[in-house]
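# Geometric and topological summary
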Amino acid sequence: MISFFKDSSAGKMERNKIMKQLMLVIQSGQYILGNQVQLFEEEFAKYCGSKFCVGVGNGTDALYLAIRSLNLEKGSEILLPSNSFIATALAIVHNQCIPIPVPILDSTHNIDPAKIKEFIGPKTKAILLTHMYGQLCDMDAIMAMANLEGLWVIEDCAHAHGLNKNGKYAGNYGLVSAFSFYPTKNLGAMGDGGAVLTNSAELAERIKTLRTYGMDENGTIPNTGINSRLDEMQAAILRVRLQNLDKQNKKRKELAKRYFKGIKNPKIQLPQIIDTHVYHLFVVTCQERDSLKNYLLSKGIETKVHYPLPYYLQVNHLPKPKSEYMLHKQLLSLPLYPGLASKNQHEIIQQLNQF
Ligand SMILES: Cc1ncc(COP(=O)(O)O)c(C=O)c1O
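Per chain, the residues get numbers from 1 upward, laid out in the order the sequence is written. pLDDT decides what is reported in this predicted model: residues at 70 or higher carry local features, side-chain atom pairs at 80 or more are listed and counted, and totals for whole chains, interfaces and linings draw on all residues regardless.

Each helix is a run of DSSP H or I of at least 4 residues and each strand a run of E of at least 2, with the numbering of both proceeding from the N terminus. Here S333 shows up in strand β12 (residues 331-334). Residues S333 and A141, 192 residues apart in the sequence, show an inter-C-alpha distance of 28 Å. Ignoring sequence-local partners within four residues, the contact set of S333 consists of L281, F282, V283, T303, K304, V305 and H306. By definition, residues are in contact whenever their C-beta atoms, placed on the basis of the backbone, come within 7 Å of each other.

To continue, consider the site of the ligand. Placing the C-beta atom from the backbone, one calls a residue near a molecule or strand if that atom lies within 6 Å of it. In the vicinity of the ligand lie 16 residues, with N58, G59, T60, A158 and S180 positioned nearest. Per element, the largest residue contribution to the shell around the ligand is three residues, and it comes from helix α3 (residues 59-68). Note on residue categories: nonpolar means Ala, Val, Leu, Ile, Met, Phe, Trp, Tyr, Cys or Pro, charged means Asp, Glu, Lys or Arg, and polar means any other residue, Gly included. Residue composition of the shell around the ligand, by class: five nonpolar, nine polar and two charged.

With that out of the way, let us pick up the sheet that holds β12. To summarise the sheet geometry, strands pair through backbone hydrogen bonds and adopt either a parallel or an antiparallel arrangement. Taken together, the three strands give an open sheet; going across it, the order is β10-β11-β12, and neighbouring strands pair in antiparallel fashion. In the strand order of this sheet, the two ends are held by β10 (268-269) and β12, each with one partner. Paired strands, in this sense, are two strands between which DSSP finds at least two bridges. The pairing of strand β11 (residues 282-286) with β12 spans four bridges and is antiparallel. What sits directly across from V283, in β12, is S333. Strand contacts of helix α9 (residues 289-298): β11 and β12, with the helix running at about 25° to β12, the strand carrying the most contacts. Structural elements are reduced to axes, namely lines fitted to C-alpha atoms, with helices fitted over the stretch in contact, and the angle between N-to-C directions of any two is expressed from 0 to 180 degrees.

With C-beta atoms placed from the backbone, a residue is buried if 20 or more other C-beta atoms are within 10 Å of its own, exposed if 12 or fewer are, and partly exposed between those counts. Judged by how many residues are buried, strand β8 (residues 176-180) sits mostly within the fold: five of five residues are covered. Judged by which residues are buried, β8 turns out to be covered on both faces: V176, A178 and S180 on one side and S177 and F179 on the other are all buried. By the bridge criterion, three bridges tie strand β5 (residues 152-156) to β8 in an arrangement that is parallel. Each residue of the ladder has a partner; that of E155, found in β8, is S177. Pairing analysis gives five bridges linking β8 to strand β9 (residues 194-198), with the strands arranged antiparallel. Across the sheet, residue S177 finds its bridge partner in β9, namely L197.

Topologically, Q272 is positioned in the loop between β10 and β11. For Q272, a count of 12 C-beta atoms within 10 Å gives the class exposed. In the structure, Q272 is positioned 109 residues away from L163 in sequence and 16 Å away in space, judged by C-alpha atoms. Residue contacts for Q272: discarding those within four places in its chain leaves S107 and T108.

On their own, these measurements won't tell you what the molecule is for.
In structure tokens form, the structure reads like this:
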């Protein structure tokens with residue numbers, strides 16, 4: 001069976017380094033918010049060109065805390081792309097705000113900047129965008145619109161580790177951004193993990209307090225928060241893996257190139273070829289998606305759908321969008337991870353062409 005994902009560990013050398021780091025954590029006896037978290041926060045912020053990084057428990061909490069740090073009034077509206085993972089919408093709902101889906105561009109799967117304006121109302125306070133599948137949103141257009149309309153920009157970077165345009169990194173365009181280190185991500189932990197990035201010292205401080213119950217240095221709780229800290233062990237693993245991130249992203253791009261070159265079936269549409277993509281996912285579209293998925297499975301190839309149902313049909317009491325997102329019925333994510341063997345990718349391409 002060719003599985004959809006296998007741990008992105010860059011082999012024995014990386015594993016040995018990780019074991020060594022984990023041993024250091026065990027020897028230190030410091031398991032919560034110790035040295036490793038602090039060092040990872042510094043290193044990841046530096047890597048992304050951001051001033052502050054706050055390590056938290058997972059990507060969903062990172063999104064929740066990023067929004068929470070803005071102190072938005074209950075009932076505020078936040079625009080988001082009509083196709084994203086459900087966590088993007090949940091983070092808005094859990095802040096007692098209202099997610100307003102904006103259509104995406106079928107060509108990029110990202111929010112359509114030209115459509116944003118018609119969804120802005122008196123209660124709109126922010127745009128929460130996702131760099132879908134690892135492709136940078138049109139940040140020039142989005143930032144221009146947000147500045148003109150006085151909206152905050154929050155970036156969901158769960159698919160976008162290491163993604164940059166001319167050295168400016170995803171997560172460093174808006175006011176605040178959220179990363180997930182779920183194991184399948186381009187920078188993946190060996191468990192849950194997440195982080196918030198910002199260039200605002202005030203927001204970083206607020207998020208640090210909110211991730212530990214809302215407790216300040218005196219042990220009092222001026223503002224009730226949650227318990228969501230990046231684990232010391234996961235931080236140690238992420239520090240090792242961060243060193244390999246560029247190399248791993250390069251491998252992903254090479255694998256994507258092979259798909260572009262090899263897939264020739266007119267029934268299967270490929271994503272557009274662009275530089276600002278780190279191929280967290282390689283998503284093709286096909287009108288006969290379900291048959292294609294089943295066909296590949298019968299040939300021992302596992303694929304996934306990101307995402308089978310739009311979030312707005314799954315989260316209770318959400319307003320229906322003005323225009324429904326229909327492309328989800330055609331999406332299919334192919335296996336693409338740094339350790340994907342050439343012969344397996346060759347087999348995937350052959351079967352795609354034979355469908
Ligand atoms: C776009 C997007 N946002 C947020 C998340 C949530 O991250 P986590 O699973 O770490 O909570 C994910 C996770 O898969 C995601 O894909």
